[in-house]
Amino acid sequence: MDSIKNRDQYEALRDQGYSKEKAARIANTKKASEKGGKASNYESRTKDELYQKAKEIDIDGRSNMNKQELIDALRNN
């Protein structure tokens with residue numbers, strides 16, 4: 001059984017140089033096939049909102065991070 005929910009998106013991300021882990025994480029999000037999302041920028045979110053997003057994508061060490069560290073981790077993950 002294939003664990004990738006959106007195989008086309010996964011392959012496109014890999015072709016763009018994304019790691020297997022990051023491409024799979026993006027391709028497996030609930031809204032992976034939707035386009036045009038308008039997420040608020042990270043700076044306007046609360047620390048709790050950032051923490052929840054970090055939890056959703058399983059960023060290690062998130063519980064010890066301050067707001068700026070969470071933003072950096074989310075942007076670089």
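Further up the page is the structure itself.
These numbers come from a predicted model, not from an experiment.

Criteria and cut-off values
Residues numbered from 1 in each chain as written. Predicted model: local features only at pLDDT ≥ 70, side-chain atom pairs only at ≥ 80, totals over all residues. Heavy atoms only, no water. Helix = DSSP H or I, 4+ residues; strand = E, 2+ residues; numbered from the N terminus. Contact = heavy atoms within 4.5 Å. Core = buried A, V, L, I, M, F, W, Y, C linked by side-chain atoms within 4.5 Å. Buried < 20%, exposed > 50% of the residue type's maximum accessible area, 1.4 Å probe, protein only. Salt bridge = Lys/Arg side-chain N within 4 Å of Asp/Glu carboxyl O.

Caption draft 1: Summary view of the environment of Ile-57. Assignment of secondary structure puts Ile-57 in the loop between α3 (47-56) and α4 (67-76). Between the C-alpha atom of Ile-57 and that of Thr-29, which follows or precedes it by 28 residues, the distance is 8.8 Å. When neighbours within four sequence positions are excluded, Ile-57 is seen to be in contact with Arg-25, Leu-74 and Asn-77.

Caption draft 2: The arrangement of the nonpolar core in detail. In terms of nonpolar packing, the biggest core is built from 10 residues, these being Tyr-42, Leu-50, Ala-54, Ile-57, Ile-59, Met-65, Leu-70, Ile-71, Ala-73 and Leu-74. If you list the elements that add at least two residues to this core, you get α3 and α4. Considering each element in turn, this core owes the most residues, four residues, to α4. In this view, Leu-70 contacts Lys-47, Leu-50, Tyr-51, Ala-54, Arg-62 and Met-65; residues no more than four positions away in its chain are not counted.

Caption draft 3: Fine view of the pattern of salt bridges. Per the counting criterion, the structure on display carries five salt bridges. Here Arg-25 ties to Glu-21 by a salt bridge, and the two come within 3.3 Å at their closest N and O atoms. Placement of both Arg-25 and Glu-21 in helix α2 (residues 20-27) is noted, with a separation of four residues, approximately one turn of the helix. The exposure class of Glu-21 is exposed, given its relative accessible area of 56%. Residue Arg-75 is joined to Glu-43 by a salt bridge in which the shortest nitrogen-to-oxygen separation is 2.9 Å. Here Glu-43 lies in the loop between α2 and α3 and Arg-75 lies in helix α4, a separation of 32 residues in the sequence. Residue class for Arg-75 comes out partly exposed when judged on its relative accessible area of 44%.

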